[in-house]
Amino acid sequence: LRRGERIILLGPNGAGKTTLLRIIAGLEPPSEGTVQLGSNVRLGYFAQEQELLDWESTPYELVRKTAPLNETEARTFLHYFLFAGDDVFVPVRSLSYGQRARLALGILVAQGCNLLLLDEPINHLDIPSRESFERALESYEGTILAVVHDRYFAKRFATGIWAIEEGNISRYVDLEDLSRVRAQRAQEGRNRQ
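Just so it is clear, the structure is predicted and the values come from calculations on it, not from any experiment.

**Describing the overall build of the chain**
Move 1: Broken down by element type, the chain carries seven helices and six strands.
Move 2: Reading the helices (α) and strands (β) of the chain from amino to carboxyl end gives β-α-β-α-α-α-β-α-β-α-β-β-α.
Move 3: Referenced to the eigenvectors of the C-alpha coordinate spread, the extents of the chain come out at roughly 65 × 35 × 25 Å.
Move 4: Relative to its full complement of 193 residues, the chain shows a buried share of 44%.

Below, the structure written as structure tokens:
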């Protein structure tokens, strides 16, 4: 990954997408080889099941624990992630899935993460929640590696595509490049028969 890239990682279910993110994040050891991050990389991992959030805290409390912000700064920061008014004081356990997704992203940004690993961040989001999450993500200036199955999201956000194919990762410019290469491979396979 290069600084500022937004890469979408594609592959069939069970291909190892989540495992790869967890290995990069240091949550699982690699079966072989090593993982090396750049010296200035501050990694943040957005877990598919949001298990890294403290369910008893409020968004306000989590942001204040994460970053040295005063009350006004914390509320302003949360407003960027679409928490307005007293929403900042609602316990995490009472938030919708979409609100928790935005909060998890906000916490990673507040931590100063410049590389986000996002594991299916828009799964289970209704359309308004998804649009809110995408707006929050648009303002992020760092590097992203995301597992996403949604083609619209990939077209809108990706600067590149990584695809897990036959146990390897192949890099593509975009979804059209991926489709073109796969069609070309299929045609070559038919020609060999």
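**Some remarks on the environment of Val35**
Move 1: Within the secondary structure, Val35 sits in the loop between α1 (17-24) and β2 (43-46).
Move 2: The spacing of Val35 and Ile24 is eleven residues in sequence and 6.3 Å in space, taken between C-alpha atoms.
Move 3: With near-sequence residues (within four places) excluded, Val35 lies in contact with Ile23, Ile24 and Pro30.

**Some thoughts on the nonpolar core**
Move 1: By size, the foremost hydrophobic cluster in this structure holds 45 residues, and its most contacted members are Ile8, Leu103, Leu116, Phe133 and Leu137.
Move 2: Counting residues per element, this core draws most heavily on helix α4 (residues 97-110), which supplies eight residues.
Move 3: Dropping the residues within four chain positions of it, Phe133 is found in contact with Phe46, Ala101, Arg102, Leu105, Pro121, Ile122 and Leu125.
Move 4: Residues Leu21, Ile24, Ala47 and Trp162 belong to the second largest nonpolar core, which totals twelve residues.

**Quick notes on the sheet that holds strand β5 (residues 160-165)**
Move 1: On the basis of which strands lie adjacent, the open sheet formed by six strands has the order β2-β3-β4-β1-β5-β6 and mixed pairing. At either end of the open sheet lies a strand with only one pairing partner, and these are β2 and β6 (168-172). On average, each strand axis in the sheet is inclined to that of its neighbour by 20 degrees, with strand direction left out of account.
Move 2: Note that β5 and β6 share five bridges and pair antiparallel. Its bridge partner being in β6, Ala163 is matched across the sheet by Ser170.
Move 3: Across the sheet, α1 lies against β1 (6-10), β2, β3 (115-119), β4 (143-147), β5 and β6, angled at about 150 degrees from β3, the strand it touches most.
Move 4: The strands touched by α4 are β2 and β3; relative to β2, the strand with the most contacts, the crossing angle is about 170 degrees.

Cut-offs applied
- Each chain carries its own residue numbering, running from 1 in the written order of its sequence.
- A pLDDT threshold of at least 70 governs which residues receive local features in this predicted model, and a stricter bar of 80 or more applies before side-chain atom pairs are shown or counted, although totals over entire chains, interfaces and linings include all residues.
- Here the side-chain values reflect all heavy atoms present in the structure, with hydrogen atoms and water set aside.
- Note on conventions: DSSP H or I runs of at least 4 residues are helices, E runs of at least 2 residues are strands, and numbering of each starts at the N terminus.
- Three labels apply to residues, based on accessible area from a 1.4 Å probe with only protein chains included: buried if under 20% of the type maximum, exposed if over 50%, partly exposed otherwise in between.
- By definition in these notes, contact holds between two residues if any of their heavy atoms fall within 4.5 Å.
- Definition used in this section: a nonpolar core is a set of buried Ala, Val, Leu, Ile, Met, Phe, Trp, Tyr and Cys residues joined via side-chain atoms within 4.5 Å.
- Pairs of strands are assigned from DSSP output, requiring at least two bridges between the strands.
- Fitted lines through C-alpha atoms serve as axes, helices being fitted only where they are in contact, and the angles separating the N-to-C directions of these axes extend from 0 to 180 degrees.

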